[in-house]
Every structure is written in C-alpha cells, then in structure tokens.
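Spelled out from the first residue to the last, the chains are:
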Amino acid sequence: MKTFASRRTQNLILLTLVCVVFYFAYSVWQASLKPTNFYTGWILAGCMIFLTLYNMRKKFPFLPFLGTSAFWLQFHLYVGLFTIFMFVLHVNFHIPNGLFECILFILFFAVVGSGILGIFVTRRSPRLMTRKGETVLYERIPIFRKNIKDEVEKLVFDSIEETNSTTLSEFYLNKLHGYFSKPKNIIKHLFESHTPMRKLKNEVDVVERYLNGDEKEVLQEIVSFIETKDNLDYQYAHQLMLKGWLFFHIPVTYALLVFSFVHGILAYAFHGGGM
Amino acid sequence: MTKKLQIFDFDKSHYERPNQKWVCGRLEHGCPCHVGPDTKGRCRAVNDKLLECTPWKDEDRWKCARPKSLGGACENGPSPTGVCCRQIPVCQPKLSHRAKRGRVALYFAMTAVATLFIFLFGIYTTSFASPGSLTAPHSAITAKLEGQDDCSICHTAGKGDALAWVGEAFAGHNSKLSESHKCLDCHRQQGDKRGKEAESFALRIHGISDERLQSSTEKVSKKKDSVELFPLADFTNMKKSFVTSLASREVVKEVVDGKNKYHQVACSTCHREHHGRDYNLTKLTNEQCQTCHSIKFSSFAHGHPMFDHFPYERRTRIMFDHTTHFGEYFKQKKNEGMKNIPNKCNACHKLDEGEHLMVVKTFEQTCIQCHEKDILKQDEDIPVIRFPGFLMEDFYAQSKKFRMRPKFNKWPSVDEEDTGEATDFMRMLLSKEKAFEDQDLSEYLETWISDIVAESPADEEKNEIKAINAYVSMIQGLCDEIAKEDTSALKERLEKILKISVDNETLKNLFPNVADMLQVVQARVLPPINPKRKQRFSAFEFEEKELPTGWYFSEYTLKYRPAKHGDTVMKTWLELMARSYNKDDENKEDEVQGNTHYVFQALNRCVKCHSIDKSEDKDAVWKINWKPNKPSNQGRFNRFSHAPHLALLDDVGCVKCHTLKKTMPVEGEKHDLFVKDKYNKIYENKDPHKFMSNFEFMKKDLCSQCHVKSRAGDNCTLCHNYHVTPFAPALNTTIEEIKKKVSIRHFKNKMQGILPQKEVAKK
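The following refers to the structure shown. Here the structure is a predicted model, which means the values were calculated and not measured. Here, residues in each chain are numbered from 1, in the same order as that chain's written sequence. Each chain is given a letter, starting from A, and each ligand a number, starting from 1, according to the order in which they appear as written. With pLDDT at 70 or above as the cut-off, local features in this predicted model cover only qualifying residues; side-chain atom pairs require 80 or more to be listed or tallied, and sums for whole chains, interfaces and linings still use all residues. Excluded from the side-chain calculations are hydrogens and water; all other atoms, namely the structure's heavy atoms, are used.

### Quick look at the overall build of chain A
Phase 1: The secondary structure listing takes helices from DSSP runs of H or I that are at least 4 residues long and strands from runs of E that are at least 2 residues long, numbered from the N terminus. In terms of regular secondary structure, chain A is built from ten helices and zero strands.
Phase 2: Written out in order from the N terminus, the α and β elements of chain A read α-α-α-α-α-α-α-α-α-α.
Phase 3: The quantity called the radius of gyration is restricted to C-alpha atoms. Its globule counterpart is 2.2 Å times the number of residues to the power 0.38. Against the compact-globule benchmark of 19 Å for 275 residues, chain A has a radius of gyration of 27 Å, which places it well outside the compact range.
Phase 4: Counting every position in chain A, which comprises 275 residues, the buried fraction comes to 47%.
Phase 5: By definition in these notes, contact holds between two residues if any of their heavy atoms fall within 4.5 Å. Here the contacts in chain A between residues at least 6 apart in sequence split such that 80% fall between residues at least 24 apart.
Phase 6: For chain A, the accessible surface area stands at approximately 13900 Å², while carbon and sulfur atoms represent 67% of it.
Phase 7: When charges are counted, Lys and Arg contribute as positive and Asp and Glu as negative, whereas His and the chain ends are disregarded. A charged residue contributes its charge at one atom only: NZ of Lys, CZ of Arg, CG of Asp or CD of Glu. Seen as two clouds, the 28 positive and the 21 negative side-chain charges of chain A have centres 17 Å apart. Only protein chains enter the accessibility calculation, which uses a 1.4 Å probe; a residue is then buried when its area is under 20% of its type maximum, exposed when over 50%, and partly exposed in between. Surface accessibility follows the Shrake-Rupley procedure with a 1.4 Å probe radius. Residue values consider only the protein chains on display as shielding.

Quick look at the structure:
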C-alpha cells in the first residue's frame, strides 16, 4: 500500500506533466494565432464543472459506482490545482482590468483561496484534534457541553450543602458559569493558544487557598471538567473550521459558475471574429 | 484529567443524521428531543403531542420504556393509565448545518444573478460588461463621442441588449468577419475606398492579392533547403523551435486551376483589444509570424534564409556609375580645379523626412555642377516645325501653267540653299495625314517627310505642284491646331498617331505659350512672293548669342530651347514618346524605325541619365525614370530604418555595409569586374531587374552580428511588414462619421420608443 507521501509525490509529478503538456499546447495555440482563450476557457469550464460535481457526489453517498468520496477528493484537489494553472493561462498571465472580469477574477481566486484554506484545515485539524484529546461528533457537542455544565453545577450545589461554604459557588458564578455555558476561545484554539486555559487555572489556584479540604476535592473535580470543556471547545473550534470554510467555498463557487456562464456568452458575442 | 464524554454503546448513544435538513431547536441548548422535526421543519411535538416513551405493561403495572440512550426509565414513570408523564417540549426547529450551507449557496447564486441582471439590463451595462479598457487611441474615440460609450462602434453585437447578445453568441462564426469591417470604417488600407469592402485587400493575408501571395510563397519556398528549424548552434531556442514546428494555421481556402484562394483574416486574430491603455496591439511573436509560413526557422541568426540580392533588386533609376565617378570623373574634375567635388556618400545622399531611408539629393544639390550644360546644350536647340522653302516664283508659274490655283497665299520663298528638311516632330505629327493616302502625291510627300529636304518644283509635273499644295496645307493645318485654344483637333491627331489616349494636362504641356508666336508667324511672317516683305520676316529671327529660352522662331523653323533641368515641355514630350514608343513595333525594340523613335532621339539629352524601363502599365511601352528611387517601407514585406544604424558606422562610413565593387583586377585573382562599358550596357535592356550593381550584395551575417535576441533584437516585425500595404491613419473626419452613425442610431432608438406611445395616445 502506498504511503500518503509517495502518493502525493506521484500525483504531483503527474499533475506537473499534465501542466507541461497543456502549456506546450497553449504555446502552440498561441503561436498558431488560434482562439486560445476559447480553448483554455472551455477546459477551465470543464474543470470547474467537474470540481462542482464533487459536491453533488456527496449528495449521493448511496451510489457506489460513483467511486469513493476519498477518490473524488483526490481528483478534486489535483484538478483544482490544474484549474489554477489553466486560469493563469486563460488570463494570459495578466490581471484583467474590466469590472466584470475583475469580479470573475476575484470570485475565482476566492474559491481557490478558500479551497487552499480547506486543504490546509482538513490536513491540520484532524491531526490536532486527535492529538489533543477525545474527539467527539460535532452534532453532539452542545449536548456534551450541557452535560458538563450540569455535572459541574451539581458538584457546586452539593458542595454548598456538604461544606456550608459559598466560596466555591461564588467562584463558579463569577468565573466558571460563563465558561461552561457556551463555546469559548474558539479563535485561540485554532491558533493552538494555551493562554485562556492557563489564565483559568491561575484563577483556580488563587481560589484554592481559600478552600477547605472538602472544597479542594470538589475543586479538583471541577478542574477536570474545565479541562474536558477546554478539549470540547477545542474540538468545536476545529470542527467549526472544518465545516465553516465550505460556507464560503461552495456558495462562491456557484456565484463563480453563474458569472462564468455569462462571461462565456459575452466572449462569444463579442469575440470579434478572431476565431 | 479529562472526562470521557462520548460513548458509542448501542444503548447509550443515538444515531446522528447530519444530512437531515432540520434539527431540533433545543439542540443548541444541549437537550434535543430524540424524534426531531419533520421534513418540512415543523416540530412534531406541536400537533402530535409526542411523549418521550410509550410505556409497556408488565402484568398489571405500566413501566417506563424510555431508552437508555435518553437516560433510561424516568423517576416518575408512566401514569396509572399507561401514559408517559414526560411530554416532549415544543421547539422551533432549526436548519441543520448542511442545510444552512445550501441556503447560503443559494443566496450567493441569487445575488450573482441579481447583480448580473441589474448591470446587464439596467445601469452601467457597457461599463460593466466591458472586458477592460481600450488602448489609448481607441479610448480617445469614445471620449470624442461625448460619453456615448457604445459597443456597437466596434462590435456588431453591441447594437442589441443583453438578450440579443445571447443570440449573437450562438450565431455563426463567419458572420464575425463583419466586426473587422467595422475596424475598416476608420482604418482603411491605403488605396481602398470607403464603403467598398469588396474591392479591399485589407482582410486578405498580408493585405495583398491572392496572386501576389501565392507567387511570394512560391518564391520563398525555393529557399526551403537553406533554412533550419533546429540548428545545433541555437540550442537555447529549442523550445520555441519546437512550438514553431507544431504551430500551423490553414490559410488556403481552396485551389482552383492551380491558383490558391486564401482565407480572410479577421483583425482580432492578431490585434486583441481591451487589455489596457498601454497594451501593444501590434505585438507578435516570431512563432506567431511563422505559423502560416510554409518554411520555418529557428531565429534570424540561425536558420533564417540567406539574403538574395539584398538590397539591390534592380538597377538604379538614374544612371550613375559610382565606380567611374569616384574613380575617374571626380579625380579628373579635381585636377581641373573644380571645387566641392563629392568625397563622401552624404554629398549626394541624405536621410528622408522619416529618418528611415536614404534618398538622393536634388539635381541642383548634386549633379548640376558638371551636368547643367549637358541639358541646356545651347548650340543644339530642338527644331519642332520647319517651314520648308520653295521657289515660290516657279511654283506660281507652274501652277498657272497647269491652271491650278495655289491653296495658300503666303509662304517663304527661299533659295535652294535655304530649303529645309522636315523636323522629327513633323515626321511624326504629319504621318497620318490623308494626303499620304493619295497615290499620286504620296511619293512626293513621303520623300519630303522622311529623309530629304523639300525641293523646289523643278520638274514640270502636275502632281508635284499638287503635292506642294498638300504639304503646305498639312503644315498650316498643324500650326492651326497647335495655335488654337481648342486642343481637340491636336488631341485627335496625337491619339491617331500614337494609339494612346492623351489627357488635357499633357496636351497643355506639349506646346505651352506657342500659340501667339505661331499666329504671328502664319499671319505676318510667312511672306508672299514679294521679297520686300522679307524684312518683316527677319524681325523674328535672332542672333545666335541672344536666342531666348523656350519657343523661338529662327531660320524658318519653330525651335525650342530648354530653360533648365526638369523642363516641362521636354519631359512631357519624352513621356508621351516613351508611352507610345513605336507602338506598332512593340516587339522590335532593337529596330530604330518608327516615328516616335525620331522624336525620342531629338530629345535624348534627358535619357542620358534618366533610365528607361519597360513599363508595367499595359497602356504604355516604356517608362522613363524621372526621379531617383524614393525608397519606401510601404508596399513591401521588408522595411529598414537607416537612422539607428548610422551611429554604428566607423570611419569608413556607409561603405561598411555598402561595399563598392573593385574596379581593377588583382593579379592572380578572379573578380566580377565592374567596368564602365558593362555598366552602360545594362541600361540597354529595358528590364530593370537584369542589372549589375556598383555594390556588393549584402550578407545576412552582417545584420545578424547585432540582430540577435540579446542585442538589437530579432523579432520578425522589426524588419518585416505584415500589412504590406499600410493602413492610412484614422482621420478626424472619421470621428465625425462615427458620431453621425451613433447619433442616427440613438435617434432611431428614441423614435422606436416614442412612436408606440403616440399610437397608444391616439387610440
């Protein structure tokens, strides 16, 4: 079985070869004074449609003959890279200066940029999430968050009865209630920052000196929940990112397709007979 | 130590369905119901009053059936009637993550469509749809149209709205050549007429006729063996050579009887607009230039065909032998003490106004010092009409004897010594007179006209008296025609003799300002028999030393003396003679027979230096080269600019490139010797391309020393014109025409909008 690295090397070599072939074809078309932009445009349109079909493919997971999603993803990535190359040829290494074409240009690179971000995120986040701690289903995170909060609040209430002290409960109300109620430190988790956790633990260390022995045991229990919530927020942040980039990538793709279609119409209507 | 949160045991974990469109509204609070909303996003607990479980009956007791994944059996358990006590709370279902994404995608697509709709059918349509700014000159057109930014100026599709563009996009491609005709509204190839596309070569390949293109292709194809596409010496250019070898474009449309019909080429094939203000519309790569060519090569330095007789394609128009002038004449003149003897090329040559090409300076700046006297030749004035003398007393006496009345009253009565032969002009101008058709007279007339002097009527022959009458009448008639303001008779005479059409401008210049003199000569000078009148006649004769320039009358002869170099009368007569030179004997150039030949010889002082070529015009036999070559980069495949090369010349000057052929043989070596006799001989042949140059032909290596990519550049378009016939610059009038067109179109559009409204109002 091929390793990921060898497979990537092989695919990149293949992609490079395809690009070289197309670059030569492009050079020959250019030299032949052929309507090169129309040729590259059609190739580009084909690539974009193929790339969009990957999203369609995911809507039909029950059709095995379409191939695995992983297989499609591989194609999606490398065809995507080829599309960037083709686009550069299509615009003839120039930045367009018409309003419509500038929008098209921006849309294309918005899709490309979000796609590259997507590759980065999908390569990085799963690895980090696994390394960090327990991985959880994204849809269950609110439930787990509530469970943790309930557990912590139960501990706090019980400690009031058992120790007749409100120090811990006040600490919970002031410092921890907000923390357990909703996702926290999402951006910082994405950048692997430990500062929020360290600050919170400092707060815990500060309050610990005012607690008696029973309360300290409860506090240790709460600290373990704090760490659990921290991991949950970490998972949430990365999974949100894993899903969130598609909120940009896919919608912009459809806008790009609409603009590309009109671009094709305009190109054929106004091509000036150079065909 | 973190807590474990997720358990996937079958009874502790329910099944997640992230692809469902709706999720329970309480999910975000961490307590979703286990049934979830229906497919339309409605909470199922609202109408169905769903409960958390359906209790089951164990013998006579109802027991809670809540699954373990939801917390197992509840504390309170079902009611005694077996109803679950925990009703699922109502919520406002929310879109799942995936459905939200789908909706955002839909909104984006709709926004894109709406944006396009607004701009394509509403505001700023042309600015929005424009693929980029035009080059500066083309932008200026729209600027001059005072904001009427209209795509239809250049695009046929521009006249419609966005919906029409869709139709245009799917229209046939052949119709798109009409876009190029719009380019020709402003950019006409020189010589083309506005609005006559059918007569234009502008869209033909190289802007030339199919015949010329085919012959040029065949000419170049002969050099196929001397070109190289993959020379080892040009290894670095291998990639481009590879591309060049693969690039091809079909140019021949069809072949009919061995003649190629070529495709037309749209302007936008090479000139791509909308790439910014400073975009170079004429930029073409070497590979692009060669795509249509049958022979391809690597670069100018490597593989380009060798120069063939470059740059001298024909003999010089002015017969100027550089070798003998520099080697012999100038030295001789210098020894004679003449000053300002030319010693460098720039004594006679200079850059033209465009500073591209070298031209010859004027006669007055160059040759006049030595050659003025050859032109004026004051002792060799040109006799045009001679009034031949007869012994009029004898003539009248014999006329009386034969009871014949003379047809003229006055005529010079001269002694036999003064009888004059007919001039060359008379021989020609009188050659088609009707009197020659009379067999009785023709013998006398042809004798007088052709070669010998007119004689007095010595013999007592009646026919001779008749012939004298006819001859004198012919001459008087000719003088009348010349003297008349109405030149129609003279025109008829010349066209009959020369078999060519003669325009009024030419007629005007043949005998300018001679009418008065002829009238006087006819009315007063030609004396009656009375010798006393001779005194009056002599009043019109001049002493040799005081002869005026132009027309004058001397010795019974109308003569012409050229005033200066470039004399109009001389030029006009020579031009006329050259056009019609012995037209009856076109194939007998070597023979000197023919009327025009004599006149030509009478004026031959001009053609000593002005060479004569066989005319390419079907209506003319010869063409006299009145002016030296005025080199031009137009109408040719090649172009050259001297100005940037002048700085490269060292002490030897122009000779660095234009090497003069050696005049003297070097012992033991064989040379293509250039000698004076040979030089003059090449002009005897009227084909200007069969020649021998004073200079060595230039080699490609001379140019390729500098013209490589890294130095002076080796782009094809540096030395070659694609548009052999250049395009005339767009004139201001064109802007007015465009304005007019646009105004008319806008007016029509407005009217189309107004008329239906009026009809509605009438109804």
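There is more to say after this.
### Describing the interface of chain A and chain B
By a widely used convention, the size of an interface equals the accessible area lost when the partners come together.
Phase 1: Contacts between the two partners involve 58 residues from chain A, matched on the other side by 70 residues from chain B.
Phase 2: A quick way to say it: buried area is the sum, across both parts, of accessible area lost when two parts are put together, with a 1.4 Å probe. Taken together, both faces of the contact between chain A and chain B bury some 5600 Å²; the carbon and sulfur share is 65%.
Phase 3: Considering only the surface of chain A that becomes buried against chain B, Leu33(A), Phe247(A) and Phe270(A) emerge as the three largest contributors, covering 13% of it.
Phase 4: Think of a salt bridge as a Lys or Arg side-chain nitrogen and an Asp or Glu carboxyl oxygen that are within 4 Å of each other. Joining chain A to chain B, the criterion identifies two salt bridges.

### A word on the packing of helix H8 (residues 195–208) of chain A against helix H9 (residues 213–244) of chain A
Residues and elements named next belong to chain A.
Phase 1: Only the stretch in contact is used when a helix axis is fitted, and all axes are lines through C-alpha atoms; the angle between N-to-C directions ranges over 0 to 180 degrees. With their axes 11 Å apart at the nearest point, H8 and H9 run at an angle of 175° to one another. Relative to H9, the element H8 is oriented roughly antiparallel. Here Met197, Leu200, Lys201, Val204, Val207 and Glu208 of H8 lie close against H9, whose contacting residues are Lys216, Leu219, Gln220, Val223, Ile226, Glu227 and Asp230.
Phase 2: By residue class, the composition of the contact of H8 with H9 is seven nonpolar, one polar and five charged. An angle counts as roughly parallel when it lies under 35 degrees, as roughly antiparallel when it exceeds 145, as roughly perpendicular when it falls between 65 and 115, and as oblique in every other case. As a working rule, the residues Ala, Val, Leu, Ile, Met, Phe, Trp, Tyr, Cys and Pro are called nonpolar, Asp, Glu, Lys and Arg charged, and the rest polar, with Gly in that last group.

### Focus on a nonpolar patch on the surface
All names here are of chain A.
Phase 1: To count toward a patch, a residue needs a relative accessible area over 30% and no salt bridge; like charges are then connected within 9 Å, while nonpolar side chains (Val, Leu, Ile, Met, Phe, Trp, Tyr) are connected within 5 Å. On the surface, a nonpolar cluster with roughly 360 Å² of combined accessible area is contributed by Ile13, Leu14, Leu17 and Val18.
Phase 2: The residue leucine 17 is located in helix H1 (residues 4–31) in this model.
Phase 3: The class of leucine 17 is exposed, set by a relative accessible area of 51%.

### Looking at the packing of aromatic side chains
Phase 1: Two rings belonging to Phe, Tyr or Trp (six-membered ring only in the last case) form a pair when the distance between their centres is within 6.5 Å. Interplanar angles under 30 degrees mark stacking, angles over 60 mark edge-to-face geometry, and anything in between is tilted. Here the structure, examined in full by the defined rule, presents 34 aromatic pairs over all chains.
Phase 2: Judged by centre distance (5.4 Å) and plane angle (85°), the rings of Phe108(A) and Phe109(A) are edge-to-face.
Phase 3: Overall, Phe108(A) belongs to the buried group, its relative accessible area being 4%.
Phase 4: Given the relative accessible area of 32%, Phe109(A) is considered partly exposed.
Phase 5: Taking 4.8 Å as the distance between ring centres and 85° as the angle between the ring planes, the aromatic pair formed by Phe425(B) and Trp573(B) counts as edge-to-face. Within this pair, whereas Phe425(B) is found in helix H13 (residues 424–429), its partner Trp573(B) is found in helix H20 (residues 568–579), the two being separated by 148 residues in sequence. As far as the burial class goes, Phe425(B) and Trp573(B) line up, both buried.

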